[in-house]
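Coordinates in review
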Amino acid sequence: MRRSGAGRAEDPGTRDPMEILRGFGLVRDNQILRAAVVLFARSNRLLPDFPQCLLRVARFKGTDKSEFLDNRQFHGHAFNLLIRADRFLRGNLPIAGRVVPNLFQRADDPLYPPEALREALANGFCHRDYALGGGSVGLAIFDDRLEITSSGLLHFGLTVEDLYGPHESLPWNPIIASVFYKRGIIETWGRGTLKMVELTGRAGLPRPEIEETAGAVLVRFRPSRYLPPQRIGHDLTPRQQEILRLLGPGMSLRLREIHETIGVDVPVRGLKDDLAFLKRLELVDLSGHGRGARWSLRG
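Going along each chain's sequence as written, the residues are numbered from 1 onward. With the structure being a predicted model, the display of local features is reserved for residues of pLDDT at least 70 and the display and counting of side-chain atom pairs for 80 or more, all residues being used for whole-chain, interface and lining totals. To obtain the side-chain values, all non-hydrogen atoms of the structure were included, while hydrogens and water were left out.

**Quick notes on the confidence of the model for the protein chain**
To keep things clear, this is the line we draw: By definition, pLDDT measures how confident the predictor is in each residue, and it falls between 0 and 100. Any pair of residues with heavy atoms lying within 4.5 Å of one another is described as a contacting pair.
For the protein chain, per-residue confidence averages 84 on the pLDDT scale, and 85% of positions sit at 70 or higher. Below pLDDT 50 for its whole length, residues 1-6 participates in nine contacts with residues either more than four positions away or in separate chains. In this model residues 98-107 is a low-confidence stretch, pLDDT under 50, and it forms 18 contacts with partners more than four residues away in sequence or in other chains.

**Focus on the pairing of strand E12 (residues 284-287)**
We count it as follows: Note on pairing: DSSP must find at least two bridges between two strands before they are called paired. Counting from the N terminus, the helices are DSSP H or I runs at least four residues long and the strands are E runs at least two residues long.
In terms of strand pairing, E12 meets strand E13 (residues 294-297) through four bridges, oriented antiparallel. Pairing of Val284 across the sheet is with Leu297, part of E13. Joining the antiparallel neighbours E12 and E13 is a turn of six residues, in which Gly288 adopts a positive phi near 85°.

**What to know about the pattern of salt bridges**
How we decide: Salt bridge, as used here, is a side-chain nitrogen of Lys or Arg placed within 4 Å of a carboxyl oxygen of Asp or Glu.
Under the counting rule described, the total for this entry stands at 20 salt bridges. The residue Arg90 makes a salt bridge to Asp86 at a minimum N-O spacing of 3.1 Å. Note that Arg90 and Asp86 are positioned in helix H3 (residues 78-92) at a spacing of four residues, about one turn of the helix. A single network of salt bridges, built from pairs that share partners, joins Asp144, Arg145, Glu147, Glu209, Glu211, Arg220 and Arg222.

**Looking at the nonpolar core**
Which entries qualify depends on this criterion: Nonpolar cores are built from buried Ala, Val, Leu, Ile, Met, Phe, Trp, Tyr and Cys residues. Side-chain atoms within 4.5 Å join them into one set. For every residue, the accessible area obtained with a 1.4 Å probe (protein chains only) is divided by the maximum for its type, and the residue is called buried under 20%, exposed over 50%, and partly exposed between those limits.
Counting residues in each nonpolar core, the largest one holds 54 residues, and the members touching the most others are Leu146, Phe180 and Phe221. In terms of nonpolar packing, the next biggest core, distinct from the first, is built from 15 residues, Leu247, Leu271, Phe277 and Trp295 among them.

**Observations concerning the packing of helix H7 (residues 238-246) against helix H8 (residues 255-262)**
Helix packing geometry: the angle between the two helix axes and the distance between the axes. Cut-off, in case you're wondering: Here, axes are lines fitted to C-alpha atoms. For helices the fit covers the stretch in contact, and angles between N-to-C directions go from 0 to 180 degrees. For any helix crossing, the convention is left-handed if the near helix is rotated counterclockwise from the far helix by under a right angle, and right-handed if that rotation is clockwise. Polar here means any residue other than Ala, Val, Leu, Ile, Met, Phe, Trp, Tyr, Cys and Pro, which are nonpolar, and Asp, Glu, Lys and Arg, which are charged; Gly is therefore polar.
At a minimum axis distance of 11 Å, the contact between H7 and H8 shows a crossing angle of 115°. Note that H7 runs across H8; the crossing there is right-handed. Residue-level contacts link Arg239, Glu242, Ile243 and Leu246 of H7 to Ile258, Thr261 and Ile262 of H8. Partitioned by chemical class, the residues of the contact of H7 with H8 number four nonpolar, one polar and two charged.

**Things to note about the pairing of strand E9 (residues 209-213)**
For E9 and strand E10 (residues 216-221), the ladder comprises five bridges, and the chain directions are antiparallel. Residue pairing across strands places Ile210 opposite Val219, the latter belonging to E10. From the end of E9 to the start of E10, which pair antiparallel, there are two residues, and Ala214 there has a positive phi angle of about 50°.

**So, the side chain of Arg59**
For clarity, the threshold we go by: Any N or O atom pair separated by 3.5 Å or less is treated as a polar contact, with the protein-specific requirement of one donor-capable and one acceptor-capable atom, and with residues adjacent in sequence counted only for side-chain atom pairs.
Residue placement: Arg59 occurs in strand E3 (residues 54-60). There is a polar contact of 3.2 Å between the side chain of Arg59 and the side chain of Asp143.

**Re unusual backbone geometry**
Here the bond from Leu47 into Pro48 is cis, since omega is 10°, no more than 30 degrees from zero. Mapped onto the fold, Pro48 is located in the loop between helix H2 (34-40) and E3. Although it is not a glycine, Ala214 adopts a positive phi angle of roughly 50°. With respect to the helices and strands, Ala214 occurs in the loop between E9 and E10.

**Things to note about the sheet that holds E12**
Strand order in the open sheet made by the three strands is E11-E13-E12, with antiparallel pairing throughout. Each end of this open sheet is capped by a strand with a single partner; those strands are strand E11 (253-254) and E12. Sheet topology places E11 next to E13; two bridges connect them, and they run antiparallel. Directly across from Arg254, in E13, lies its bridge partner Arg294.

Here it is as structure tokens:
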């Protein structure tokens, strides 16, 4: 028996669908289990009996749900929905700019570690409550955060705080979790949330926020750097947006430092006008006086 290159599952030695499903533990008394539908059913065979095999994705304008830029729903088996979610992330995930220390060069990185987001999505599909006919996995991108929700609550006495430390792997859907593990998508032994914490910490982000809310488990990612929206009550020029990116959390810069980073070809007078405008919008603050005065994001 050889090990598959796509994951941890061994080659079943057959291409017969029923035998493959038996090998995954998805057949009982010659009846295909509902977990097999969740994992492998064709999209056009899911409705009307399995409306909960659903992914909802949205990109909102701003920091609330009053206006969206993109809003879609997909029905399909769990692996297909994971692919759909990954494509949506690649098409909509903001890029965060940072200035490389001592070089005054701009570097662009994904705002959130893609691997941490895939881990959260995989856990959502694996551990959600599929008994809820109106259930789904949701992916929502805002200007200041990204949220992944999955229907159902924590089970087996697990609390949110337990998820931030070593804990037993107690999947609500053990057969689905086993297939996900064999495909190399998730870790066993309760490592999923710990992996997300490690990946976000390595990227300099706060640890993900996990909540039980409105019949669902929510995982929220926040950026470590400020991501200015295209509009904040007023149109911001590209240079004003660049100033906000430069003044990341914890940063405090003199006018001269901002000028050197933005570009010495930019008139100092124009830069002062930009900073004054951002101050009127209550986006930045000025502390100190004279040449020692420093600009920072408003907390």
